[in-house]
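Report on the structure
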Protein chains: 2
Amino acid sequence: MESSLQMQSTLDESGKLTLALAEVEVPTPQDHEVVIRIEAAPINPSDLGVLFGPADISSATTEGEGTQSVLAAPVHPQFLPRFKGRIGQALTVGNEGAGVVVAAGKNPEAQALLGKTVGVSGGAMYAQHRAVPAIMCLPVAEGTPARDAASCFVNPMTALSMLETMRLEGHTALVHTAAASNLGQMLNKICQADGVDLINIVRKPEQVDILKGLGAKYIINSSDDDFVAQLTDAIHETGATLAFDATGGGDLASQILLAMEQAQLRTPSDYSIYGSTVHKQVYLYGSLDMSPTVLNRAYGMSWGVSGWLLPNFLGKVGMEKVIELRTRVAKELNTTFASHYTRELSFAEMLSADIAQQYNAKLTGEKYLLCPQKDL
Amino acid sequence: MESSLQMQSTLDESGKLTLALAEVEVPTPQDHEVVIRIEAAPINPSDLGVLFGPADISSATTEGEGTQSVLAAPVHPQFLPRFKGRIGQALTVGNEGAGVVVAAGKNPEAQALLGKTVGVSGGAMYAQHRAVPAIMCLPVAEGTPARDAASCFVNPMTALSMLETMRLEGHTALVHTAAASNLGQMLNKICQADGVDLINIVRKPEQVDILKGLGAKYIINSSDDDFVAQLTDAIHETGATLAFDATGGGDLASQILLAMEQAQLRTPSDYSIYGSTVHKQVYLYGSLDMSPTVLNRAYGMSWGVSGWLLPNFLGKVGMEKVIELRTRVAKELNTTFASHYTRELSFAEMLSADIAQQYNAKLTGEKYLLCPQKDL
């Protein structure tokens, strides 16, 4: 047996979370599968939940060296009940990645990929090798380095799916929070290309600058005193009745709904205690703020707040739409959907407590890349 | 001109809410309309929002006598901004009522109703006369007193529409809060007739008794220490993934979603930090608790919380479905949809501060009826 390293995150009953490498067998592909030697896998905000759960990474420590490194961090007892489902389970990590196909099943679509560089999603990408169905792979143009294909799924497909959701549900413009993120930057490019008005909500002046540099028209800083008034103006101008919120907690979703309602009420009509009849929707697709969502309901009865998850959405719209979106990603991989990385990490570096504290900080504009073959 | 009394609620800029009678002209029907002499109109929880808004009714006073009575109550300044849309507007009140058709437009469907007793909804029913399109009227069997037709719309159509929503959205069982209400009692009768499992959430032992008397199978007291555990058991047994919540504020909706998620997780499957993939929905259709809705999101990503309003739902499903539901109401008016009233009030009694405090208390099992022709 040839062995391969795979990163695993485990929460134990005492509330200790450990992140370490396990030696597993290099998988043998089934007929419809290929085995990818993973060269690059980004650390996305959506990976941090599996990597660290509710652990306090500021108290993390690392013991051992190289591929024997074990990172440990404590979870506050108050969070444990909510995470009892993962206690004792070694979870694999890494939503997406890219690498070279080193083995293939006998089906023609698998054989066709042998030797090719492909981008792929499906979990467990923080590993040296990963077997996946050939149909899940996005082959990239010859000569494209794996790092350029590593982020071809999560952010591009999320951004495109936000626009698809907008169209499917009959909205015509969008509000987006944490808008200077890698995802938010892509969304600006797509919305500009497609002629869709996008209202960007950020928290800091430097984030305003990032989006200005991309030519964004509507950028609102939620730290401004007149945030809701500014937002109401922008919503009135664009007609946005749909928002995607990455923060989840606190009252941001409620403030967005309030601004949407106030914008509706600027068009004179009969007063109703039930508010406007236009449906206003906020989808929470992240949880940067772990505190409860607080809704003051000062916006009538035509509103909704829901969780939103990319795989669920893709499952709902079906394979034909998924292929349509993936085709667009492949075509615009080096333009619209290009990702830039702050730093490339080896397995050992990723398990260092110091470095973990950096990539766990979810800094806008920072993006780390794991390179599972580095320094081995 | 023949004059007619109409109840109006007005909030002024200083934060004083007044409820009084205005003399208006008896309406002349258009071709497609009839004029109803209103004999009975229930005071539903859904009327209290228009009647009193956020006013402190425990501090209400009444000046004047008889039809000259004026009830006044203060609104706390912190609530005023949220209600600025109604400041200075004399709002008519009364979602539904019943009476005798005393004038009709020339269209045949209007003429056919002359002299008939009809139930009707559409607002402004706390009045001596009301003109409405003939098609909105539900004629009742000859000899049926108006009081028996007065509640033929809001609660019956809401209860039936909850079941329709369940079917339309692919759920198979229901959770209902404030479940011992007049509406909740109807919902129990319909669910039993239609073979749909209904989980009743109440707050007091005497409400448990009311529902037991109706043969309800699942009754859970939210004041019990093990409320969420009991609810999880019932949801696991019934498979309910849809709830209608009348309270709106606080963490009840969040507790229901948590119980739904915990019930899903009892069926073994791969652990996912994103929770189960079954969509769990809570509709807030009332606001008995005016405090913010607090969602702790400890139930994955497949959930939604939304406002729900009967007219919006009926507008969505279309006239054919509305007629189907109304036909069922007419057929079961004296059985499934029978309402019982604690007390019949004249206009003057309804404007008495003492009595207002009673019907504003939203007591389960208490239902007041305004009789606009009484004592005049």
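Criteria and cut-off values
Residues numbered from 1 in each chain as written. Chains lettered and ligands numbered in written order. Predicted model: local features only at pLDDT ≥ 70, side-chain atom pairs only at ≥ 80, totals over all residues. Heavy atoms only, no water. Least-squares fit on C-alpha atoms with pLDDT ≥ 70 in both. Contact = heavy atoms within 4.5 Å. Buried area = accessible area lost by both parts, 1.4 Å probe. Salt bridge = Lys/Arg side-chain N within 4 Å of Asp/Glu carboxyl O. Helix = DSSP H or I, 4+ residues; strand = E, 2+ residues; numbered from the N terminus. Pairing = 2+ DSSP bridges. Domains from an automatic or database assignment. Polar contact = N/O pair within 3.5 Å; in protein donor to acceptor, adjacent residues only side chain to side chain. Nonpolar A, V, L, I, M, F, W, Y, C, P; charged D, E, K, R; others polar. Phe/Tyr/Trp six-rings, centres within 6.5 Å; stacked < 30°, edge-to-face > 60°. Buried < 20%, exposed > 50% of the residue type's maximum accessible area, 1.4 Å probe, protein only. Expected span 1.5 Å × (residues − 1). Axes fitted to C-alpha atoms, helices over the stretch in contact; angles between N-to-C directions. Patch = residues over 30% accessible without salt bridge, like charges linked within 9 Å, V, L, I, M, F, W, Y side chains within 5 Å. Areas by Shrake-Rupley, 256 points an atom, 1.4 Å probe, with all protein chains shown as cover.

Observations concerning the relation of the copies chain B and chain A
Of the two same-sequence chains, chain B is brought onto chain A (RMSD 0.0 Å, axial shift 0.0 Å) by a rotation of 180 degrees. The two molecules are tied by a two-fold rotation axis, judged by turn and shift.

Thoughts on the interface of chain B and chain A
Facing the 43 residues of chain B at the interface are 43 residues of chain A. In total, about 3,100 Å² of surface goes out of reach between chain B and chain A, with carbon and sulfur atoms giving 57% of it. For the chain B face of the interface with chain A, the top three residues by lost area are Tyr271, Arg297 and Met301 of chain B, together amounting to 24%. Where chain B meets chain A, there are zero salt bridges. Of all the secondary-structure elements, those providing two or more residues to the side of chain B that touches chain A are α1 (45-52), β15 (248-250), β17 (289-295) and β18 (303-307) of chain B. Among the elements that line the side of chain B that touches chain A, the one with the most residues is β17 of chain B, at seven residues. With three bridges connecting them, strand β17 (residues 289-295) of chain A and β17 of chain B associate as antiparallel partners. Looking at the pairing, threonine 293 of chain A lines up with leucine 295 of chain B of β17 of chain B.

Focus: the domain arrangement of chain A
All names here are of chain A. As assigned here, chain A comprises domain 1 (3-151 + 340-370) and domain 2 (155-313). Contacts between the two partners involve seven residues from domain 1, matched on the other side by eight residues from domain 2. When the two sides are added together, the surface that domain 1 and domain 2 hide from each other amounts to roughly 680 Å², 53% of it contributed by carbon and sulfur. For the interface between domain 1 and domain 2, the tally reads zero salt bridges. Put simply, domain 1 and domain 2 have zero residue pairs in polar contact (both at pLDDT 80 or more) between them. Residues belonging to the side of domain 1 that touches domain 2 are distributed by class as follows: no nonpolar, four polar and three charged.

What to know about the pairing of strand β5 (residues 70-74) of chain A
Sheet faces and side chains relate simply in a regular strand, where the side chains alternate between the two faces. All names here are of chain A. Across five bridges, the pairing between strand β2 (residues 16-25) and β5 is antiparallel. Looking at the pairing, threonine 18 lines up with alanine 72 of β5. Note that strand β4 (residues 61-63) and β5 share three bridges and pair antiparallel. Each residue of the ladder has a partner; that of glutamate 63, found in β5, is valine 70. From the end of β4 to the start of β5, which pair antiparallel, there are six residues, and glycine 64 there has a positive phi angle of about 85 degrees.

Some points on the pairing of β17 of chain B
Here β15 of chain B pairs with β17 of chain B via two bridges, running parallel. Paired with glycine 248 of chain B across the strands is aspartate 289 of chain B, a residue of β17 of chain B.

Some details on the packing of aromatic side chains
Residue and element names in this part refer to chain A. Scanning the model with the defined rule gives 14 aromatic pairs over all chains in all. Aromatic pair tyrosine 299 and tryptophan 303: ring centres 5.7 Å apart, planes at 90 degrees, arrangement edge-to-face. Under the relative-accessibility criterion, tyrosine 299 is labelled buried at 0%. Assessed through its relative accessible area of 1%, tryptophan 303 is described here as buried. Here the aromatic residues Phe244, Tyr283, Tyr285, Trp308 and Phe313 are joined through ring pairs into a cluster of three or more.

Here's the deal with helix α4 (residues 154-168) of chain B
All names here are of chain B. Along its 15 residues, α4 runs 20 Å from first to last C-alpha, staying within 8% of the 21 Å computed at 1.5 Å per residue. Summarising burial for α4: 13 of the 15 residues are buried, a large majority. Directly beyond the C-terminal end of α4, a positive phi value near 80 degrees is found at glycine 170.

Section: the sheet that holds strand β2 (residues 16-25) of chain B
Sheets are built from strands paired through backbone hydrogen bonds, the pairs being either parallel or antiparallel. All names here are of chain B. The strand order across the open sheet formed by five strands is β4-β5-β2-β1-β6, and the pairing between neighbours is antiparallel. Of all the strands in the sheet, the pair left with one neighbour each is β4 (61-63) and β6 (90-92). If you compare each strand with its neighbour and ignore which way they point, the axes differ by 35 degrees on average. As paired strands, strand β1 (residues 3-11) and β2 are joined by nine bridges and run antiparallel to one another. The residue bridging serine 3 from the neighbouring strand is glutamate 25, located in β2.

Comments concerning the environment of tyrosine 285 of chain A
Checked against the element boundaries, tyrosine 285 of chain A lands in the loop between β16 (280-284) and β17. With relative accessibility at 17%, the residue tyrosine 285 of chain A sits in the buried group. Between the C-alpha atoms of tyrosine 285 of chain A and serine 306 of chain A, which are 21 residues apart in sequence, the distance is 8.6 Å. Beyond its immediate stretch of four places on either side in the chain, tyrosine 285 of chain A contacts Met162, His176, Thr177, Leu183, Phe244, Asp245, Ala246 and Trp308 of chain A together with Met301 of chain B. A polar contact is formed between the side chain of tyrosine 285 of chain A and the side chain of histidine 176 of chain A, at a distance of 2.7 Å.

A word on unusual backbone geometry
All names here are of chain A. One non-glycine residue with positive phi stands out, namely alanine 178, at about 50 degrees. Mapped onto the elements, alanine 178 comes out in the loop between β11 (173-176) and α5 (182-194). Under the relative-accessibility criterion, alanine 178 is labelled partly exposed at 26%.

Quick word on a nonpolar patch on the surface
Residue and element names in this part refer to chain B. Judged by side-chain polarity, Ile135, Met136, Met319 and Ile323 come together as a nonpolar surface patch covering roughly 370 Å² of accessible area. For isoleucine 135, the location among the structural elements is in the loop between β9 (129-133) and β10 (138-139). Isoleucine 135 sits in the exposed class, given a relative accessible area of 54%.

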